[in-house]
2 protein chains.
Amino acid sequence: MNALKEAVRPTVFVVSRVLNNYSGSEIVFANEAFQHTGSFKFRAAYNLVSSVPEQKLLAASSGNFGMALAHACLLLKKHCTIVMPSNSSRVKVEGVRYYGGTVVLVDLARKTRAERVQELAAADPAMRVVSAYDDPFVIEGNASLGDELSQVADTFDIVIVPVGGGGLLSGVITGLQRNSCQKLIYGAEPLIANDAARSLREGKLIANESEPQSIADGARTLSLGKHTWAIIKDGATGIVEVSESLIHEATKVLFTHANVKAEPTGALALGAVLARPDLFSGKRVCCIISGGNVDAALFFGLIARPSS
Amino acid sequence: MNALKEAVRPTVFVVSRVLNNYSGSEIVFANEAFQHTGSFKFRAAYNLVSSVPEQKLLAASSGNFGMALAHACLLLKKHCTIVMPSNSSRVKVEGVRYYGGTVVLVDLARKTRAERVQELAAADPAMRVVSAYDDPFVIEGNASLGDELSQVADTFDIVIVPVGGGGLLSGVITGLQRNSCQKLIYGAEPLIANDAARSLREGKLIANESEPQSIADGARTLSLGKHTWAIIKDGATGIVEVSESLIHEATKVLFTHANVKAEPTGALALGAVLARPDLFSGKRVCCIISGGNVDAALFFGLIARPSS
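None of these values were measured; they are calculated from a predicted model.

Novice: Could you give me a rundown of the overall build of chain A, with the residues and numbers involved?
Specialist: Scanning chain A for helices and strands turns up 14 helices and 10 strands. Whereas a compact globule of 308 residues would reach a radius of gyration of roughly 19 Å, chain A reaches 18 Å, a difference of no more than 12%. The dimensions of chain A, computed from C-alpha atoms along their principal axes, are 55 × 45 × 40 Å. Taken over 308 residues, chain A has a buried fraction of 60%. Taking the contacts inside chain A whose residues are at least 6 apart along the sequence as the reference set, 72% of them involve residues at least 24 apart. A total of about 11900 Å² of accessible surface is found on chain A, and carbon and sulfur atoms cover 51% of it.

Novice: Can you tell me about the nonpolar core, naming the residues and giving the values?
Specialist: Core analysis: the biggest nonpolar cluster contains 64 residues, and Ile160 of chain A together with Ile160 of chain B have the highest contact counts within it. Beyond its immediate stretch of four places on either side in the chain, isoleucine 160 of chain A contacts Tyr186, Gly187, Ala188, Ala269, Ala272, Val273, Phe280, Val285, Cys286, Cys287 and Ile288 of chain A.

Novice: Please give an account of the packing of helix H11 (residues 244–258) of chain A against helix H12 (residues 268–275) of chain A that cites residues and values.
Specialist: For any two helices packed against each other, one specifies the inter-axial angle together with the distance between the axes. All names here are of chain A. It is the contact of H11 with H12, at a shortest axis distance of 8 Å, that shows an interaxial angle of 115°. When the axes of H11 and H12 are compared, the pair comes out roughly perpendicular. Read as a crossing pair, H11 and H12 show a hand that is right-handed. Contact residues: H11 offers Leu246, Ile247, Glu249, Ala250, Val253 and Leu254, while H12 offers Leu268, Leu270, Gly271, Leu274 and Ala275. Grouping the amino acids of the contact of H11 with H12 by side-chain chemistry returns 9 nonpolar, 1 polar and 1 charged.

Novice: Which residues make up H11 of chain A, and what are the values?
Specialist: Residues and elements named next belong to chain A. Across its 15 residues, H11 extends 20 Å between first and last C-alpha, which sits within 8% of the 21 Å expected from 1.5 Å per residue. Residues of H11 that are buried: Ile247, His248, Glu249, Ala250, Thr251, Lys252, Val253, Leu254, Phe255 and Ala258. Immediately beyond the C-terminal end of H11, within one or two residues, lies asparagine 259, with a positive phi of roughly 55°.

Novice: So, the side chain of aspartate 134 of chain B: which residues are in play, and what are the values?
Specialist: All names here are of chain B. If you trace the backbone, aspartate 134 turns up in the loop between strand S6 (127–129) and helix H7 (136–151). Among buried Asp, Glu, Lys and Arg side chains, aspartate 134 stands out as unpaired, with lysine 226 the closest opposite charge at 5.4 Å. Side-chain polar atoms of aspartate 134 contact the backbone nitrogen of lysine 226, separated by 2.7 Å. Among the polar contacts made by the side chain of aspartate 134, one reaches the main-chain amide nitrogen of threonine 228 at a distance of 3.3 Å.

Novice: Quick one: what's the story with the pattern of salt bridges, residue by residue and with numbers?
Specialist: All names here are of chain A. Taken as a whole and assessed by the stated rule, the structure comprises 28 salt bridges over all chains. Of the charged contacts in the structure, one is a salt bridge between arginine 178 and glutamate 140, with a shortest N-O distance of 3.1 Å. With arginine 178 in helix H8 (residues 167–178) and glutamate 140 in helix H7 (residues 136–151), the pair connects residues that are 38 residues apart, well separated along the chain. Note on glutamate 140: relative accessible area 25%, which makes it partly exposed. In this structure, aspartate 157 and arginine 284 form a salt bridge, with 3.0 Å as the shortest nitrogen-oxygen distance.

Novice: Summarise the interface of chain A and chain B; cite the residues concerned and give the values.
Specialist: Chain A puts 29 residues into the contact, and the matching count from chain B is 29 residues. Across the chain A/chain B interface, buried area totals approximately 2400 Å², and carbon plus sulfur atoms make up 59% of it. If you sort the residues of chain A by the area they bury against chain B, Arg17, Phe34 and Asn259 of chain A come out on top, with a joint share of 30%. Where chain A packs against chain B, one counts 0 salt bridges. At the surface where chain A touches chain B, the tally comes to 16 residue pairs in polar contact (both at pLDDT 80 or more). Elements supplying a minimum of two residues to the side of chain A that touches chain B: strand S1 (12–15), helix H2 (17–23), helix H4 (64–75), H11 and helix H14 (296–304) of chain A. Top element by residues in the side of chain A that touches chain B is H14 of chain A. It accounts for 4 residues.

Novice: Break down the relation of the copies chain A and chain B for me, with residues and values.
Specialist: Between the two chain copies there is a screw-like relation: a rotation about an axis and a shift along it. Between chain A and chain B, which share one sequence, the superposing operator has a rotation angle of 180° and an axial displacement of 0.0 Å; the RMSD is 0.0 Å. Expressed as a symmetry operation, the mapping of one chain copy onto the other fits a two-fold axis. Taken together, the interface assignments show that 100% of the residues at the interface of chain A recur at the interface of chain B, consistent with an identical surface on both copies.

Novice: Give a description of the pairing of strand S4 (residues 79–85) of chain A that names residues and reports values.
Specialist: All names here are of chain A. Buried residues dominate S4, accounting for 6 of its 7 residues. In this structure, strand S3 (residues 56–60) lies alongside S4, joined through 5 bridges in parallel fashion. Bridged to leucine 58 within S4 is threonine 81. Tracing the backbone out of S3, into H4 and back to the parallel element S4 gives a crossover that is right-handed. When S4 meets strand S5 (residues 102–106), the two strands line up parallel, connected through 5 bridges. Residue threonine 81 lies in a different strand from S5, and its bridge partner there is threonine 102. The handedness of the S4 to S5 crossover, carried by helix H5 (residues 90–98), is right-handed.

Novice: I'd like to hear about the sheet that holds S4 of chain A, residue by residue, with values.
Specialist: All names here are of chain A. On the basis of which strands lie adjacent, the open sheet formed by 4 strands has the order S5-S4-S3-S6 and parallel pairing. Looking at strand neighbours, the two that pair on one side only are S5 and strand S6 (127–129), the edges of this open sheet. Neighbour-to-neighbour, the strand axes of the sheet open up by a mean angle of 25°, direction not taken into account.

Novice: Any details on the sheet that holds strand S3 (residues 56–60) of chain B? Residues and values, ideally.
Specialist: Residues and elements named next belong to chain B. Reading across the sheet, the 4 strands line up as S5-S4-S3-S6 and stay open at both edges, with parallel pairing between neighbours. Where the open sheet ends on each side, the last strands, each with one partner, are strand S5 (102–106) and S6. Geometrically, the sheet is characterised by an average inter-axis angle of 25° between neighbouring strands, direction not taken into account.

Novice: Let's hear about the packing of aromatic side chains: which residues, and what values?
Specialist: By the definition in use, this model includes 17 aromatic pairs over all chains. A ring pair is formed by phenylalanine 42 of chain A and tyrosine 46 of chain A, whose centres lie 5.7 Å apart and whose planes are at 45°; its orientation type is tilted. Here the residue phenylalanine 42 of chain A and the residue tyrosine 46 of chain A both occupy positions in helix H3 (residues 41–51), the gap between them amounting to 4 residues, near one helical turn. Ring centres 5.9 Å apart and planes at 50° place the aromatic pair phenylalanine 299 of chain A and phenylalanine 255 of chain B in the tilted group. Note that phenylalanine 299 of chain A is positioned in helix H14 and phenylalanine 255 of chain B in helix H11 (residues 244–258), a pairing that runs across two chains. The same class applies to phenylalanine 299 of chain A as to phenylalanine 255 of chain B, namely buried. Aromatic ring contacts, followed pair by pair, group Phe255, Phe299 and Phe300 of chain A together with Phe255, Phe299 and Phe300 of chain B into a single cluster.

How each quantity is defined
Residues numbered from 1 in each chain as written. Chains lettered and ligands numbered in written order. Predicted model: local features only at pLDDT ≥ 70, side-chain atom pairs only at ≥ 80, totals over all residues. Heavy atoms only, no water. Helix = DSSP H or I, 4+ residues; strand = E, 2+ residues; numbered from the N terminus. Rg over C-alpha atoms; globule rule 2.2 N^0.38 Å. Buried < 20%, exposed > 50% of the residue type's maximum accessible area, 1.4 Å probe, protein only. Contact = heavy atoms within 4.5 Å. Areas by Shrake-Rupley, 256 points an atom, 1.4 Å probe, with all protein chains shown as cover. Core = buried A, V, L, I, M, F, W, Y, C linked by side-chain atoms within 4.5 Å. Axes fitted to C-alpha atoms, helices over the stretch in contact; angles between N-to-C directions. Parallel < 35°, antiparallel > 145°, perpendicular 65-115°, else oblique. Left-handed = near helix turned anticlockwise from the far one by under 90°. Nonpolar A, V, L, I, M, F, W, Y, C, P; charged D, E, K, R; others polar. Expected span 1.5 Å × (residues − 1). Lys, Arg positive; Asp, Glu negative; His and termini not counted. Salt bridge = Lys/Arg side-chain N within 4 Å of Asp/Glu carboxyl O. Polar contact = N/O pair within 3.5 Å; in protein donor to acceptor, adjacent residues only side chain to side chain. Buried area = accessible area lost by both parts, 1.4 Å probe. Least-squares fit on C-alpha atoms with pLDDT ≥ 70 in both. Pairing = 2+ DSSP bridges. Right-handed = clockwise from strand over helix to strand, strands pointing away. Phe/Tyr/Trp six-rings, centres within 6.5 Å; stacked < 30°, edge-to-face > 60°.

Below is the structure:
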């Protein structure tokens, strides 16, 4: 744990009076866009790479986990192979290669990422296949953010965490609980990718039928994982569903009024505050900004476009 | 001083391994884009408003100082009038009004800002005319950033500060000196607005002939001030002149590779690192990002355009 604590960068807390007025809540942002490789995923990746015995890792990722894993491997003198869709943005492919990771592109019209991962794993049994979210080492790595939040526990009563596969939410729950830090802990999920909200309502793990095309591309997962669901089902206070319009709005106001560059997934927690004033108005809320990596052209299109 | 320390937000330190590799220096950014009203100017404005006896303040500003002054007045129950060019960006005019400041627009084709300020001051002698940079209270306010830097003095050997009128540079010099913190202190100035560099070289205060149209609009001043020059002439190690191309480049790489939204003036210090590897390569450098407020359309144009 000490090695992890030294390897990760502490989260950056940001407060904005303008956004407090705008939202009606008293918000402290915990910004992971300045984490190594630009998202919280480095916490997970570093803990994973440093904990497993294998020298070679294999993962499917079109986003932040691939870059985080490659950077962790570079630091820990290991190697990773990342399976990415052939239409992945150039900047993400180059990000993985920048840190020395091997990129294998897969044409999704011909086979799935999972199929390509299995082929590669079969061809080289020394490689360990790892998940971006559903792995105890991943959750443990993300719990380091919960530890940090527990150290400033007097500044908020509620924490809101973006949810895709649930790795960050289950990590934050774990970190807060082991520090005996009792807070209301909400997930924030795109309304059109609301598998976690439905799972929590129905008390069983439910999956989306296909990958939801939310602008919050970090939340385009089919479902929570087995490990993350086990923690979330009892530890989460609730999951707030956020419309695409409010994800867009939150991304814009963070950039325009608080000088924060957040990727749309990173703006989900503020979107949840805007979506549910009945839950959050007048309350002291810690909104986790999960990351800041976003294609510039896509981002500028969002900022320039009206959000409703 | 304690009231000032409580009113300002501590600067946000950001480190980026990618930018270290890119620049060849070991950089810690001190980011004032998350300061109240989005720039270091709030430090100056708050100290000024809380130190003077007058209830009404009057200033010319087309940028960050106007908004900072208005916010400080709102907090301290005073009032300000800001003279702005009639072609000022709407967002800046609205920013001043948001905090309750009165905006007086002036058509620069008909009279100068200074003339309009004098007219207004003559009409209401209760108003105190204040400068955005050349005022001991302003320098004292900015010195609070120097105090903060002195507390992390073991993390850097050189500090680089954006220079327009010299308010921030003279403040940082003041703050570091009074804490007996010996560092090399450079200013970073647009090459096409190099009055401070020429002044330091020639040992006397030199002014630009007209307002230089640098993309670093916070550095479009005619010259240093009387008070700031008195501190800078002995306290600054040197002034680095940064081409428009490198200001542009620095703004882009901060946004793209470090998730930092800096206005072009705020990127001057990184631009200086890129401009002068002979001075900074391999060194531990603290780059001050002075602010993050920038018109979105202008900013996206910069990011989308090749920088050389």
